[in-house]
Amino acid sequence: EMDGGTPSFVIGADEKYTSPKSILVEGDASSASYFLAGAAITGGTITVRGCGSESVQGDVAFADVLEQMGATVTWAPESITVTRDPDVKLKGVDVDCGKIPDAAMTLAVAALFCEG
(Lines give C-alpha, C1' and ligand atoms only; values in the text may rest on other atoms or scores of the structure.)
Protein backbone atom coordinates (compact mmCIF):
# COMPACT_ATOMS: atom_id res chain seq x y z
CA GLU A 1 0.00 0.00 0.00
CA MET A 2 1.27 3.48 -0.75
CA ASP A 3 0.75 6.25 1.79
CA GLY A 4 2.05 9.55 0.50
CA GLY A 5 4.67 7.82 -1.68
CA THR A 6 5.99 5.62 1.13
CA PRO A 7 5.41 1.87 0.76
CA SER A 8 3.85 0.29 3.82
CA PHE A 9 2.19 -2.89 4.98
CA VAL A 10 -1.12 -2.80 6.78
CA ILE A 11 -2.23 -5.77 8.86
CA GLY A 12 -5.82 -5.39 9.96
CA ALA A 13 -6.92 -6.07 13.54
CA ASP A 14 -8.70 -9.24 12.43
CA GLU A 15 -5.67 -10.52 10.47
CA LYS A 16 -2.59 -12.36 11.65
CA TYR A 17 0.98 -12.09 10.37
CA THR A 18 2.58 -15.43 9.53
CA SER A 19 6.36 -15.53 9.32
CA PRO A 20 7.88 -17.30 6.32
CA LYS A 21 10.31 -18.94 8.84
CA SER A 22 13.37 -18.20 6.73
CA ILE A 23 14.22 -16.19 3.67
CA LEU A 24 17.45 -15.84 1.74
CA VAL A 25 18.78 -12.34 1.25
CA GLU A 26 21.26 -12.73 -1.58
CA GLY A 27 24.84 -11.68 -1.30
CA ASP A 28 26.20 -9.26 -3.89
CA ALA A 29 27.25 -11.21 -6.98
CA SER A 30 29.57 -8.50 -8.28
CA SER A 31 31.46 -8.48 -4.96
CA ALA A 32 31.61 -12.27 -5.06
CA SER A 33 33.33 -12.03 -8.46
CA TYR A 34 36.59 -10.91 -6.78
CA PHE A 35 36.83 -14.13 -4.79
CA LEU A 36 35.72 -16.34 -7.69
CA ALA A 37 38.40 -14.77 -9.89
CA GLY A 38 40.96 -15.23 -7.14
CA ALA A 39 40.41 -18.99 -7.13
CA ALA A 40 40.58 -19.14 -10.91
CA ILE A 41 43.79 -17.09 -11.00
CA THR A 42 45.62 -18.96 -8.22
CA GLY A 43 44.45 -22.46 -9.01
CA GLY A 44 42.60 -22.71 -5.72
CA THR A 45 39.03 -23.46 -4.76
CA ILE A 46 36.39 -21.22 -3.26
CA THR A 47 32.69 -21.48 -2.55
CA VAL A 48 30.68 -18.29 -2.21
CA ARG A 49 27.35 -18.61 -0.48
CA GLY A 50 24.38 -16.31 -0.86
CA CYS A 51 24.13 -16.31 -4.65
CA GLY A 52 23.96 -19.28 -6.97
CA SER A 53 21.98 -20.87 -9.77
CA GLU A 54 18.70 -19.40 -8.49
CA SER A 55 20.10 -15.87 -8.18
CA VAL A 56 18.21 -12.97 -9.74
CA GLN A 57 21.48 -11.07 -10.29
CA GLY A 58 23.03 -10.90 -13.73
CA ASP A 59 26.60 -10.81 -12.41
CA VAL A 60 26.46 -14.47 -11.35
CA ALA A 61 27.10 -15.13 -15.07
CA PHE A 62 30.69 -14.07 -14.37
CA ALA A 63 31.22 -17.65 -13.19
CA ASP A 64 30.24 -18.86 -16.68
CA VAL A 65 33.01 -16.70 -18.13
CA LEU A 66 35.53 -18.20 -15.70
CA GLU A 67 34.43 -21.61 -16.91
CA GLN A 68 35.05 -20.56 -20.52
CA MET A 69 38.52 -19.46 -19.40
CA GLY A 70 39.33 -22.91 -17.97
CA ALA A 71 38.07 -22.91 -14.40
CA THR A 72 35.65 -25.53 -13.12
CA VAL A 73 32.36 -24.11 -11.84
CA THR A 74 29.90 -26.00 -9.68
CA TRP A 75 26.48 -24.44 -9.19
CA ALA A 76 24.07 -24.94 -6.31
CA PRO A 77 20.85 -22.99 -5.77
CA GLU A 78 22.47 -20.67 -3.21
CA SER A 79 26.21 -21.02 -3.89
CA ILE A 80 28.89 -21.09 -6.57
CA THR A 81 32.14 -23.03 -6.32
CA VAL A 82 35.08 -22.20 -8.58
CA THR A 83 38.25 -24.23 -8.79
CA ARG A 84 41.09 -24.59 -11.25
CA ASP A 85 43.60 -27.34 -11.61
CA PRO A 86 46.99 -25.58 -11.36
CA ASP A 87 48.14 -27.58 -14.40
CA VAL A 88 45.36 -26.02 -16.52
CA LYS A 89 46.20 -22.55 -17.77
CA LEU A 90 43.51 -19.91 -18.01
CA LYS A 91 42.85 -18.88 -21.59
CA GLY A 92 41.68 -15.56 -22.95
CA VAL A 93 38.09 -15.23 -24.13
CA ASP A 94 36.11 -12.68 -26.11
CA VAL A 95 33.03 -11.79 -24.06
CA ASP A 96 30.31 -9.16 -24.25
CA CYS A 97 30.09 -7.86 -20.68
CA GLY A 98 26.81 -6.05 -21.25
CA LYS A 99 25.02 -8.42 -18.89
CA ILE A 100 27.80 -8.49 -16.28
CA PRO A 101 28.84 -4.82 -16.17
CA ASP A 102 29.87 -4.74 -12.53
CA ALA A 103 32.08 -7.80 -12.95
CA ALA A 104 33.77 -6.52 -16.12
CA MET A 105 36.62 -4.93 -14.19
CA THR A 106 37.24 -8.18 -12.32
CA LEU A 107 37.35 -9.95 -15.67
CA ALA A 108 39.94 -7.45 -16.91
CA VAL A 109 42.21 -8.35 -13.98
CA ALA A 110 41.67 -12.09 -14.48
CA ALA A 111 42.57 -11.63 -18.16
CA LEU A 112 46.07 -10.54 -17.13
CA PHE A 113 46.70 -14.13 -16.02
CA CYS A 114 45.47 -15.78 -19.24
CA GLU A 115 47.27 -17.20 -22.23
CA GLY A 116 46.11 -16.19 -25.67
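What you are looking at is a predicted structure, and each value in this text was computed from that prediction instead of being measured.

Could you give an account of the pairing of strand 4 (residues 72-76), naming the residues involved and the relevant values?
Note: strand 4 against strand 5 (residues 79-83), 5 bridges, orientation antiparallel. Bridge pairing in strand 5 places Thr72 opposite Thr83. The turn linking strand 4 back onto strand 5 is made up of 2 residues.

Give a detailed account of helix 1 (residues 29-42), specifying residues and quantitative values.
For helix 1, with 14 residues, the first-to-last C-alpha span of 20 Å sits near the 20 Å given by 1.5 Å per residue. Tucked inside the fold, the buried residues of helix 1 contact strand 3 (45-49), helix 2 (62-69), strand 5 and helix 3 (104-111). Of the residues one or two after helix 1, Gly43 is the one with positive phi, at around 80°.

Talk me through the state of the cysteines; I want residue IDs and the actual numbers.
Going through the model one piece at a time under the given rule, you end up with 0 disulfides. Cys97 supplies the cysteine sulfur nearest to Cys51, a cysteine that is in no disulfide, at a spacing of 17 Å. Take Cys51: its relative accessible area is 4%, and that puts it in the buried class. Here Cys114 stays unpaired: no disulfide links it, and the sulfur of Cys97, its closest cysteine neighbor, is 12 Å away. Among the residues examined, Cys114 registers a relative accessible area of 16% and is labelled buried.

Quick one: what's the story with the sheet that holds strand 4, residue by residue and with numbers?
Taken in spatial order, the 3 strands make up an open sheet running 3-5-4, and their pairing is antiparallel. Single-partner strands in this sheet number two, and they are strand 3 and strand 4. Recorded for the sheet is a direction-independent mean angle of 15° between the axes of neighbouring strands. Strands in contact with helix 1 are strand 3 and strand 5; relative to strand 3, the strand with the most contacts, it is inclined by about 165°.

Break down the packing of helix 2 against helix 3 for me, citing the residues and quoting the values.
One way to put it is that helix 2 packs onto helix 3 with a least axis distance of 11 Å and a crossing angle of 15°. Taken together, the axis directions place helix 2 and helix 3 in an arrangement best described as roughly parallel. Helix-helix and strand crossings are classified by hand; for helix 2 and helix 3 the assignment is right-handed. Contact with helix 2, carried on its side by Phe62, Val65 and Met69, involves Thr106, Leu107, Ala110 and Ala111 of helix 3 and no other residues of that element. A class-by-class count of the residues in the contact of helix 2 with helix 3 yields 6 nonpolar, 1 polar and no charged.

Definitions and cut-offs
- Residues numbered from 1 in each chain as written.
- Predicted model: local features only at pLDDT ≥ 70, side-chain atom pairs only at ≥ 80, totals over all residues.
- Heavy atoms only, no water.
- Pairing = 2+ DSSP bridges.
- Helix = DSSP H or I, 4+ residues; strand = E, 2+ residues; numbered from the N terminus.
- Expected span 1.5 Å × (residues − 1).
- Contact = heavy atoms within 4.5 Å.
- Disulfide = S-S within 2.5 Å.
- Buried < 20%, exposed > 50% of the residue type's maximum accessible area, 1.4 Å probe, protein only.
- Axes fitted to C-alpha atoms, helices over the stretch in contact; angles between N-to-C directions.
- Parallel < 35°, antiparallel > 145°, perpendicular 65-115°, else oblique.
- Left-handed = near helix turned anticlockwise from the far one by under 90°.
- Nonpolar A, V, L, I, M, F, W, Y, C, P; charged D, E, K, R; others polar.

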